[in-house]
Amino acid sequence: MTKVSPLEVHKLLPRTNCKKCGNASCMAFAVKLVSGKAYLDECPTINEARYLRQKLALKELISKVLAATPTKFVIHEERCTGCGNCVDACPANVAVSLEVSGGKGSASKDVVLKIEDGVVKVVNVKACRRFEEDASESRPCSVCVDSCPYKAIEFM
Ligand code: SF4
Ligand code: SF4
Ligand code: SF4
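Residues numbered from 1 in each chain as written. Chains lettered and ligands numbered in written order. Predicted model: local features only at pLDDT ≥ 70, side-chain atom pairs only at ≥ 80, totals over all residues.

### A closer look at the site of ligand 3
Phase 1 of the analysis: Around ligand 3 sit 13 residues, and of these Cys 80, Cys 83, Asn 85, Cys 86 and Cys 148 come closest.
Phase 2 of the analysis: Of the residues that constitute the shell around ligand 3, the class distribution is eight nonpolar, five polar and no charged. (Near = placed C-beta within 6 Å. Nonpolar A, V, L, I, M, F, W, Y, C, P; charged D, E, K, R; others polar.)

Structure follows, in structure tokens:
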């Protein structure tokens, strides 16, 4: 499980506290970034050439925050080959539609995971076993994560 903390983000920011982003400090900006209330583009300083590596690392970190579903499911599209292993293995998918087992996500019904344009997509997060309006009711499941040979899925 990965969790993005403001401290992790802060380490990668320029840490000049220049306030050009409109925040009192880089730490204040980091707190907003991890809660999706600010965007990296709002920091002009990170665009300086000397911060290029940090900027790329930040983008990767923050994409986890932005891409997470209510179940904290994150897909790393750059690693996903669209092989469909997770789609076939997901017990909730099979419960929604038997077509899915062996079908590489071609089921017409609202399954949790589906292959679209060569990568896996979450199409019906509410059917996922981890989804519950009341988080204490959700059931632990990591079948999709375990079935991916490319580590393209994780739960934050
Ligand atoms: S603009 Fe960037 S470097 Fe300046 S305070 Fe904001 S986050 Fe820090
Ligand atoms: S956590 Fe379980 S139910 Fe949810 S998408 Fe993954 S395999 Fe399917
Ligand atoms: S997430 Fe992994 S298992 Fe699922 S389609 Fe992509 S590469 Fe295959």
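### Here we look at the site of ligand 1
Phase 1 of the analysis: Taken together, 14 residues form the shell around ligand 1, and within it Cys 18, Cys 21, Cys 26, Phe 29 and Cys 43 come nearest.
Phase 2 of the analysis: For the shell around ligand 1, the residue count by class is eight nonpolar, four polar and two charged.

### Structural notes on unusual backbone geometry
Phase 1 of the analysis: Not every positive phi belongs to a glycine, and Arg 15 is a case in point at roughly 55 degrees.
Phase 2 of the analysis: With respect to the element layout, Arg 15 can be found in the loop between helix H1 (6-12) and helix H2 (26-34).
Phase 3 of the analysis: Residue Arg 15 is classed as partly exposed on the basis of its C-beta count, with 14 C-beta atoms lying within 10 Å. (Helix = DSSP H or I, 4+ residues; strand = E, 2+ residues; numbered from the N terminus. Buried ≥ 20, exposed ≤ 12 C-beta atoms within 10 Å, placed from the backbone.)

### Things to note about the pairing of strand S3 (residues 119-122)
Phase 1 of the analysis: Of the two faces of S3, the one holding Val 120 and Val 122 is buried and the one holding Val 119 and Lys 121 is not buried anywhere.
Phase 2 of the analysis: By the bridge criterion, four bridges tie strand S2 (residues 113-116) to S3 in an arrangement that is antiparallel. In the sheet register, Lys 114 faces S3, and the bridge partner there is Lys 121.
Phase 3 of the analysis: Hairpin connection, S2 to S3: the antiparallel pair is bridged by two residues, and Asp 117 has positive phi, about 50 degrees. (Pairing = 2+ DSSP bridges.)

### Remarks on the nonpolar core
Nonpolar side chains tend to gather and get buried jointly when the protein is soluble and globular.
Phase 1 of the analysis: Membership of the largest hydrophobic core comes to 17 residues, with the highest contact counts inside it found for Cys 86, Cys 90, Val 112, Leu 113, Cys 144 and Ile 153.
Phase 2 of the analysis: Looking at this core, the elements that each hand over two or more residues are strand S1 (73-75), helix H4 (85-89) and S3.
Phase 3 of the analysis: In terms of residue count, S1 provides more of this core than any other element does, three residues in total.
Phase 4 of the analysis: Among residues more than four places away in sequence, those in contact with Val 112 are Cys 90, Ala 92, Asn 93, Val 122, Asn 124, Val 125, Ala 127 and Cys 128.
Phase 5 of the analysis: Core analysis: the second largest hydrophobic core is formed by twelve residues, Val 9, Cys 21, Ala 30 and Leu 58 among them. (Core = buried A, V, L, I, M, F, W, Y, C linked by C-beta atoms within 7 Å. Contact = placed C-beta atoms within 7 Å.)

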